[in-house]
Amino acid sequence: MENLLYWVGLAAVAVSALTGVLDAGRKQMDLVGVVMVGCATALGGGTVRDILLDRPVFWISDQTYLIVALATTVVVFFVVRGLRLPPRLFLIPDAVGLALFTIIGTQIALEWQAPWLVASLLGVITGVVGGVLRDVLCNEVPLIFVRGELYASAAGAGALTLVGLQALGLSAVLAAWIGMAVVLAARLLAMAFRITLPTYAERDGRDD
Amino acid sequence: MENLLYWVGLAAVAVSALTGVLDAGRKQMDLVGVVMVGCATALGGGTVRDILLDRPVFWISDQTYLIVALATTVVVFFVVRGLRLPPRLFLIPDAVGLALFTIIGTQIALEWQAPWLVASLLGVITGVVGGVLRDVLCNEVPLIFVRGELYASAAGAGALTLVGLQALGLSAVLAAWIGMAVVLAARLLAMAFRITLPTYAERDGRDD
Amino acid sequence: MENLLYWVGLAAVAVSALTGVLDAGRKQMDLVGVVMVGCATALGGGTVRDILLDRPVFWISDQTYLIVALATTVVVFFVVRGLRLPPRLFLIPDAVGLALFTIIGTQIALEWQAPWLVASLLGVITGVVGGVLRDVLCNEVPLIFVRGELYASAAGAGALTLVGLQALGLSAVLAAWIGMAVVLAARLLAMAFRITLPTYAERDGRDD
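A short tour of the structure in this document, coming up. (Residues numbered from 1 in each chain as written. Chains lettered and ligands numbered in written order. Predicted model: local features only at pLDDT ≥ 70, side-chain atom pairs only at ≥ 80, totals over all residues. Heavy atoms only, no water.)

### Some details on the overall build of chain A
Put simply, the rule is: Secondary structure elements follow DSSP: runs of H or I no shorter than four residues count as helices, runs of E no shorter than two count as strands, and numbering proceeds from the N terminus. Residue exposure (1.4 Å probe, protein chains only): buried if accessible area is under 20% of the type maximum, exposed if over 50%, otherwise partly exposed. Contacts were defined at the residue level, with two residues in contact if any of their heavy atoms lie within 4.5 Å. Surface accessibility in these figures is a Shrake-Rupley result with a 1.4 Å probe; residues are shielded only by whichever protein chains are displayed.
Of regular secondary structure, chain A possesses 9 helices and 0 strands. Reading the helices (α) and strands (β) of chain A from amino to carboxyl end gives α-α-α-α-α-α-α-α-α. A total of 208 residues make up chain A; the buried ones form 60% of that total. Looking at chain A alone, contacts between residues at least 24 apart form 76% of all its contacts between residues at least 6 apart. Put simply, chain A shows about 7,700 Å² of open surface, and 71% of that area lies on carbon and sulfur atoms.

### Structural notes on the pattern of salt bridges
Pairing is possible between side chains that carry opposite charge, provided their charged atoms lie close to one another. Residue and element names in this part refer to chain A. Formally: Throughout this description, the term salt bridge denotes a Lys or Arg side-chain nitrogen within 4 Å of a carboxyl oxygen of Asp or Glu.
Summed over the entire model, instances satisfying the criterion amount to 9 salt bridges over all chains. Salt-bridge contacts for Arg-55 lead to Asp-50; the nearest nitrogen and oxygen are separated by 2.6 Å. The same class applies to Arg-55 and to Asp-50, which are both buried. In the salt-bridge network here, residues are joined through shared partners; they are Arg-49, Asp-50 and Arg-55.

### Describing unusual backbone geometry
Positioned with a positive phi, Gln-113 of chain A is a non-glycine residue whose angle comes to about 65°. Following the sequence through the fold, Gln-113 of chain A ends up in the loop between helix 5 (91–111) and helix 6 (116–137).

### Examining the nonpolar core
Applicable threshold: By convention a nonpolar core is built from buried Ala, Val, Leu, Ile, Met, Phe, Trp, Tyr and Cys residues, the set being connected through side-chain atoms within 4.5 Å.
Core analysis: the largest hydrophobic core is formed by 213 residues, its most contacted members being Trp-59 of chain A, Trp-59 of chain B together with Trp-59 of chain C. For this core, the element with the highest residue contribution is helix 2 (residues 31–53) of chain B, accounting for 12 residues.

### Thoughts on the packing of aromatic side chains
Note the cut-off: By convention, a stacked pair of Phe, Tyr or Trp rings (six-membered ring in the case of Trp) has centres within 6.5 Å and planes under 30 degrees apart, an edge-to-face pair has planes over 60 apart, and any other such pair is tilted. Working rule: Lys NZ or Arg CZ, within 6 Å of ring centre, within 35 degrees of ring normal, means a charge sits over the ring.
This structure, assessed with the given rule, holds 12 aromatic pairs over all chains. A ring pair is formed by Phe-77 of chain A and Phe-78 of chain A, whose centres lie 5.0 Å apart and whose planes are at 90°; its orientation type is edge-to-face. With relative accessibility at 0%, the residue Phe-77 of chain A sits in the buried group. The class for Phe-78 of chain A is partly exposed, based on a relative accessible area of 44%. On the numbers, 4.9 Å between centres and 80° between planes, the contact of Phe-58 of chain C with Tyr-65 of chain C is edge-to-face. Take Phe-58 of chain C: its relative accessible area is 11%, and that puts it in the buried class. Taken together, the ring pairs connect Tyr-6, Trp-7, Phe-58 and Tyr-65 of chain A into an aromatic cluster. One Lys or Arg, Arg-49 of chain A, reaches over the ring of Phe-58 of chain A and ends 5.6 Å from the middle of that ring.

### Remarks on helix 6 of chain A
Residues that lie three or four places apart on an α-helix share one face, since the helix turns once every 3.6 residues. All names here are of chain A. Spelled out, the test is: Helix span, expected: 1.5 Å multiplied by one less than the number of residues in the helix. The reported bend at a residue is simply the angle between two axes, fitted to the 7 residues ending at it and to the 7 residues beginning with it.
Under the 1.5 Å per step criterion, the end-to-end length of helix 6 is 31 Å for 22 residues, consistent within 8% with the ideal 32 Å. The sharpest bend along helix 6 comes to roughly 40°, located at Val-128. A large share of helix 6 lies buried, amounting to 19 of its 22 residues. Phi for Asn-139, located one or two positions after helix 6, is positive at around 60°.

### Some points on the side chain of Thr-126 of chain C
Residue placement: Thr-126 of chain C occurs in helix 6 (residues 116–137). Those residues in contact with Thr-126 of chain C that sit more than four places away from it in its chain are Gly-45, Gly-46, Arg-49, Phe-101 and Gly-105 of chain C.

### Focus on the packing of helix 5 (residues 91–111) of chain C against helix 6 of chain C
Residue and element names in this part refer to chain C. Test applied: Convention adopted: a line fitted to C-alpha atoms gives each axis, helices being fitted over their contacting stretch, and angles between N-to-C directions are expressed from 0 to 180 degrees. In these notes the angle categories are as follows: under 35 degrees is roughly parallel, over 145 is roughly antiparallel, 65 to 115 is roughly perpendicular, and the rest is oblique. By definition, turning the near helix anticlockwise from the far helix through less than a right angle yields a left-handed crossing, and turning it clockwise yields a right-handed one. Amino acid classes used here: Ala, Val, Leu, Ile, Met, Phe, Trp, Tyr, Cys and Pro are nonpolar; Asp, Glu, Lys and Arg are charged; the rest, including Gly, are polar.
With their axes 6 Å apart at the nearest point, helix 5 and helix 6 run at an angle of 140° to one another. Compared by their axis directions, helix 5 and helix 6 come out oblique. When you trace helix 5 past helix 6, the crossing you get is right-handed. On helix 6, the residues that touch Asp-94, Leu-98, Phe-101, Thr-102, Gly-105, Thr-106, Ala-109 and Leu-110 of helix 5 are Ala-119, Ser-120, Leu-122, Gly-123, Val-124, Thr-126, Gly-127, Val-128 and Arg-134. Partitioning the contact of helix 5 with helix 6 into residue classes produces 8 nonpolar, 7 polar and 2 charged.

### Re the packing of helix 8 (residues 152–167) of chain A against helix 9 (residues 172–192) of chain A
In a packed pair of helices, the relevant descriptors are the angle between the two axes and the axis-to-axis distance. Residues and elements named next belong to chain A. Where helix 8 contacts helix 9, the axes come no closer than 8 Å and their chain directions differ by 160°. Looking at the two axes, helix 8 sits roughly antiparallel to helix 9. Our pair here, helix 8 against helix 9, has a crossing hand that is right-handed. Contacts between helix 8 and helix 9 involve Ala-154, Ala-155, Ala-157, Gly-158, Thr-161, Leu-162, Leu-165 and Gln-166 on the former and, on the latter, Ala-172, Ala-175, Ala-176, Ile-178, Gly-179, Val-182, Val-183, Ala-186 and Arg-187. Taken together, the residues that form the contact of helix 8 with helix 9 break down as 12 nonpolar, 4 polar and 1 charged.

Purely geometric numbers; function is a separate question.
Here it is, written out as structure tokens:
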């Protein structure tokens, strides 16, 4: 399980660094800005999870994650800049990263004896905080708050599935794969069929 | 004292989750967005305090806080959405939450042997960070920075009162109640009589 | 070395509190807002570094830093408000603060056995996070991401220089001074000659 988590983690870091760059690039940032936003997107969720659990921050105790994030952002920056990419292109890898991070986060929180609801929330946090950081750093209302195509809720469903299946005695690995499938399926179906959650009716009162 | 802090804490969490929802709703967020902003508002201040003090994060070691925050946001979301609520309605509960959190934060910091000034600041942080997070997540300049009706300063006055009274040998409980009264009185009077602090004269140079 | 780090640290805190106030003042904030943004600018980088390294937060274990930050912000607030200061005035002290914080951060991370790349990044974080926090709290895209006059990259160059020189066996103190010189020189030359990094070509797709 550890070993699986490790490689899946590296993959998730690379994938969401990619999405961070694709998104940050739209803000006319320079190389360093894009790299920093890309790294924040890739490492932010797990960092917040580790700090909340008071366990060593994963990319500080193992430099590999940081190297993967930096390399991905720099390479992607020089490969895709100038290209006119369809804005929705990065939504598929983004959904994959969401699924991977959510399940890893929940799994790690469970191993650190977090109560079930906290473990699920930490999974969601691991999955979505990177994107929230990216949007806040780009000075936007985080997309997951406004665009209702089951993002955090897809992550929550997957995390709760993982917790539930393990409680039912399923092996951690099997529960993890099923959980990932739930997140991915919920997110992709929601995007495909524009499934959204109820939104708050009131219009914005403030002047912005 | 512990017991008092506990129940007061749960009350403060519920109250500021309520204010988070009322405020976040104005941003046309969906259910998950509102829930996340509500939870960030309710749990953010205490979380930052615990991380700064390097003590276990309160809602991770005790799931009750998280359940209260989640339940409050979901219930409030479905109860008040659609209703046309006066925007200033949530200012009274908000002031109560500010007073409760500030005193709890200062008290906890003192128990963790933080120096007096640090303890007071951690109290203010516990009181105001939730709202700052809420505003940053809603992509606004945090209200407490621009609207000068004694917000952080009311919290600071209450925190310093608590620290001072305990230094004078008053019982923790009595000092806590007096401190809360100071925060609440200062904030409510400031709102009633539009008491503001001096603001910086220079106009904004940047284009926003 | 410890002693040098200590005084250099206090100087860096005062300098960046000053820059925080000069910048925050342009947002029409009141006294408390300016003080809080000033303190976040002065203490934010080191705080994030300490939390990431899981070492005691510097201004909590030693109140002096907090007192220096608070005193500087309050004094600067009353001294410069109303004055019409050239907006680029604070760029020189800002560059000095960047150099000081970056080297201190890298040095501390190395002493805490962080791997070389992590230590350099933590140095950059110590140097730039304060300014990022300031900009996010002022609801702006962090300047270091958009304005490409070698800011984080100057910090990175200095941090890597420090790490490299120490690896080559140079004394920590000497390596520190050389590292600071590198940061300062890179930043000042970049400002003087408008040296910028390549930016991402794509225009912003979102409506903001």
